[in-house]
Amino acid sequence: MLTPRKLKHRKWHRARVKGKATQRTNVNFGDYGLKATTGAWITARQIEAARRAMTRFVQRGGKIWIRIFPHNPVTLKGGEIRMGGGKGAVDHFIAEVKPGTILFEIGGVEERLAREAMRLAAHKLPVKTKFIKKDN
């Protein structure tokens, strides 16, 4: 799973998904992309599940690019713990995704295969998505 090698701070404030994406809004590497139309937190596990679904469908054909990375740590306290006692331990990492962000790109496969692979990946994610082609 994706986790950062180094963090400036171990525990961060909670991420807020506000506004529309200004970066990572165009297909740059592959021929087709999966664009988020809503915003949400996407965990490292969800990114990995989507990547596996795409890779298995194209059967080692083409190339897949993951355009998001889970930088933000999320902390959780155990169940049935009383209030106080400080902030909980880091539980998992999330990527803060805004509407308009390109999540995945794929190249080297025909459109029909790419569309189906992206559809399978989209089912693993907590955001609504749209299949897009590269602007030539």
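Details of the structure are given in the entry above.
Below: a short report on this structure. On a predicted model such as this, the values are computed, not experimentally measured, just so you know.

**Details of helix H1 (residues 44-58)**
Its 15 residues place the ends of H1 21 Å apart at the C-alpha level, agreeing with the 21 Å of an ideal helix rising 1.5 Å per residue. Among the residues of H1, those classed as buried are Ala44, Ile47, Glu48, Ala50, Ala53, Met54 and Val58. Looking at the packing, one finds that the buried side of H1 touches strand E2 (40-43), strand E3 (63-66), strand E5 (89-97), strand E6 (102-107) and helix H2 (111-122). Phi turns positive one or two residues past the end of H1, at glutamine 59, with a value near 50°.

**Observations regarding the sheet that holds strand E7 (residues 129-133)**
Read across the sheet, four strands follow the order E3-E6-E1-E7 without closing on themselves; strand pairing throughout is antiparallel. Each edge of the sheet is formed by a strand with only one pairing partner; in this case those strands are E3 and E7. Strand-to-strand twist of the sheet, defined as the mean angle between neighbouring strand axes without regard to direction, takes the value 20°. Bridge count between strand E1 (residues 32-36) and E7: five bridges; the pairing is antiparallel. What sits directly across from tyrosine 32, in E7, is lysine 133. Contacts from H1 reach E3 and E6 within the one sheet, and its direction differs from that of E6 by about 20°. Across the sheet, H2 is in contact with E1, E6 and E7; its angle to E7 comes to roughly 160°.

**Some remarks on the environment of glycine 19**
For glycine 19, the location among the structural elements is in the segment before E1. Assessed through its relative accessible area of 57%, glycine 19 is described here as exposed. Separated by 20 residues in sequence, glycine 19 and glycine 39 place their C-alpha atoms 8.7 Å apart. Excluding anything up to four places from it in sequence, glycine 19 contacts Lys98 and Pro99.

**With respect to H2**
For H2, spanning twelve residues, the distance from its first C-alpha to its last is 16 Å, which sits close to the expected 16 Å at 1.5 Å a residue. Residues of H2 that are buried: Ala114, Ala117, Met118, Ala121 and Ala122. The buried residues of H2 occupy one face: seen down the axis, they fall within an arc of 135°.

**Things to note about the nonpolar core**
In this structure, Ile42, Met54, Leu103, Phe104, Ile106 and Leu125 are the most contacted members of the largest nonpolar core, which totals 25 residues. Elements supplying a minimum of two residues to this core: E1, E2, H1, E5, E6 and H2. The leading source of residues in this core is H2, at five residues. In contact with methionine 54, other than residues within four places in its own chain, are Ile64, Phe104, Ile106, Ala117, Met118 and Ala121.

Rules and cut-offs
As a convention, each chain's residues are numbered from 1 in the sequence order in which they are written. Restriction of local features to residues with pLDDT of at least 70 applies here, the model being predicted, together with a cutoff of 80 or more for giving and counting side-chain atom pairs; totals for whole chains, interfaces and linings are based on all residues. Side-chain metrics rest on all non-hydrogen atoms present in the structure, leaving aside hydrogens and water. Helix numbering and strand numbering both begin at the N terminus, where a helix is a DSSP run of H or I of at least 4 residues and a strand a DSSP run of E of at least 2. Multiply 1.5 Å by the residue count of a helix minus one, and that product is the helix's expected span. Only protein chains enter the accessibility calculation, which uses a 1.4 Å probe. A residue is then buried if its area is under 20% of the maximum for its type, exposed if over 50%, and partly exposed in between. Here, residues are in contact when the closest pair of their heavy atoms is within 4.5 Å. Strands pair, by our definition, only if DSSP identifies at least two bridges between them. Note on definitions: angles span 0 to 180 degrees between N-to-C directions of axes, and those axes are lines fitted to C-alpha atoms, for helices only across the stretch in contact. In this context, the arc is that of the directions from the helix axis out to the C-beta atoms. For this analysis, a nonpolar core means a set of buried residues of the types Ala, Val, Leu, Ile, Met, Phe, Trp, Tyr and Cys, connected via side-chain atoms within 4.5 Å.

In short, the description is geometric, and any link to function would need to be established separately.
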